[in-house]
Amino acid sequence: MAFTYKRFLTYFFRGLLFVVPIALTIYVIVLIIQFLDGILPIPIPGLGILIMLAFITFVGFLASIFITKPLFEIFERWVFKIPLINILYTSIKDLMSAFVGDKKKFNIPVIVKLSEGMSRLGFITQDDLSVLEEENLVAIYFPHSYNFSGNLYLVPQENVRILKNVKSADMMKFIVSGGVSLLPKVE
């Protein structure tokens, strides 16, 4: 069997499909670790991250204790009174709590009918918009493909169907990958 140009390209592209995702994933992780480790300029590699993890865990512990919890609440009330800081702080806090807090938001994947024959995948973030005097609307977050951003739409409830046979994390991967990732069925 002769080694041909076509076979060489086939092997090259197969290797590319294997090496590039691994290399980019490792590269991004290394950049994140270097950035986080560089926040605290300590000459021992990795020690900055360990100190930050210990500090964050300690603050979480203090915020959970009966005695110190009121101090954190007082601090937050004080931050809420500062005009520009209030918007930034509450936006970041709400976004963080959507992923790791008690009020996780991206856990109800849905399919939304946009028009006849056209639908879009997203996540319910608010199912009660009565404060806007829009009782029949829900807030749906639509992540962008190949990007970590998205849009928020208010759509009629009758256009929304909750998808119960798919995990939220799998749905997010599916959307961000532009529909290329496989959607495993939840059993």
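Scroll up a little and you will see the structure.
Residues numbered from 1 in each chain as written. Predicted model: local features only at pLDDT ≥ 70, side-chain atom pairs only at ≥ 80, totals over all residues. Heavy atoms only, no water.

Peer 1: I would appreciate a short explanation of the overall build of the chain in the present structure.
Peer 2: When its secondary structure is counted, the chain shows five helices and five strands. Moving toward the C terminus, one meets the helices and strands of the chain in the order α-α-α-α-β-β-β-β-β-α. Principal-axis analysis of the C-alpha atoms gives the chain an extent of 75 × 60 × 35 Å. Burial status across the chain gives 19% buried among its 187 residues. Long-range contacts, defined here as pairs at least 24 residues apart, represent 29% of the contacts in the chain between residues at least 6 apart. With an accessible surface of roughly 14700 Å², the chain has 70% of that area assigned to carbon and sulfur atoms. Looking at charge distribution, the chain has the averaged site of its 17 positive side-chain charges lying 12 Å from that of its 14 negative ones. (Helix = DSSP H or I, 4+ residues; strand = E, 2+ residues; numbered from the N terminus. Buried < 20%, exposed > 50% of the residue type's maximum accessible area, 1.4 Å probe, protein only. Contact = heavy atoms within 4.5 Å. Areas by Shrake-Rupley, 256 points an atom, 1.4 Å probe, with all protein chains shown as cover. Lys, Arg positive; Asp, Glu negative; His and termini not counted. Charge placed at Lys NZ, Arg CZ, Asp CG, Glu CD.)

Peer 1: Would you take a moment to explain the packing of helix α1 (residues 5-39) against helix α2 (residues 47-64) for this structure?
Peer 2: Packed helices, taken two at a time, are described by the angle between their axes plus the distance between the axes. Contact pair α1 / α2: the axes reach a minimum separation of 7 Å and the direction vectors enclose 75 degrees. Relative to α2, the element α1 is oriented roughly perpendicular. Residue-level contacts link I33, L36, D37 and I39 of α1 to L47, G48, I49 and M52 of α2. Of the residues in the contact of α1 with α2, the class split is six nonpolar, one polar and one charged. (Axes fitted to C-alpha atoms, helices over the stretch in contact; angles between N-to-C directions. Parallel < 35°, antiparallel > 145°, perpendicular 65-115°, else oblique. Nonpolar A, V, L, I, M, F, W, Y, C, P; charged D, E, K, R; others polar.)

Peer 1: Even after reading the chapter, I still don't get the environment of L36, so can you show me in this structure?
Peer 2: Within the secondary structure, L36 sits in helix α1. Using a relative accessible area of 31% as the deciding quantity, one classes L36 as partly exposed. Along the sequence, L36 and I140 sit 104 residues apart, while their C-alpha atoms lie 32 Å from each other. Beyond its immediate sequence surroundings of up to four residues, L36 is in contact with I49 and M52.

Peer 1: Looking at this model, I keep getting lost on the sheet that holds strand β4 (residues 150-156). Mind explaining?
Peer 2: Backbone-to-backbone hydrogen bonds join strands into a sheet, with any given pair of strands oriented parallel or antiparallel. Strand order in the open sheet made by the five strands is β4-β3-β2-β1-β5, with antiparallel pairing throughout. The two strands at the open ends of the sheet, each matched to only one other strand, are β4 and β5 (160-162). If you compare each strand with its neighbour and ignore which way they point, the axes differ by 40 degrees on average. As defined by bridge partners, strand β2 (residues 118-126) adjoins strand β3 (residues 137-143) across three bridges and the pair is classed as antiparallel. Across the sheet, Q126 pairs through a bridge with A139, a residue of β3. Running at roughly 135 degrees to β2, helix α5 (residues 168-176) makes contact with β1 (109-115), β2 and β3 of the sheet. (Pairing = 2+ DSSP bridges.)

Peer 1: Teacher, can you tell me more about the pattern of salt bridges here?
Peer 2: One side chain can pair with another of opposite charge once the charged atoms of both are near each other. Evaluation of the coordinates by the stated rule reveals one salt bridge. A salt bridge links K113 to E116; its shortest N-O distance comes to 3.4 Å. (Salt bridge = Lys/Arg side-chain N within 4 Å of Asp/Glu carboxyl O.)

Peer 1: Help me out: how do you make sense of the nonpolar core in this one?
Peer 2: For soluble globular proteins, nonpolar side chains are generally found buried alongside one another. Counting eight residues, the largest nonpolar core consists of V110, V112, I124, V138, I140, F142, V155 and V160. Looking at this core, the elements that each hand over two or more residues are β1 and β3. Here the element with the most residues in this core is β3; it accounts for three residues. Here V160 is in contact with V110, I111, V112, I124, V138, I140 and V155, once residues within four sequence places are set aside. Residues Y141, V166, M171 and I175 belong to the second largest nonpolar core, which totals seven residues. (Core = buried A, V, L, I, M, F, W, Y, C linked by side-chain atoms within 4.5 Å.)

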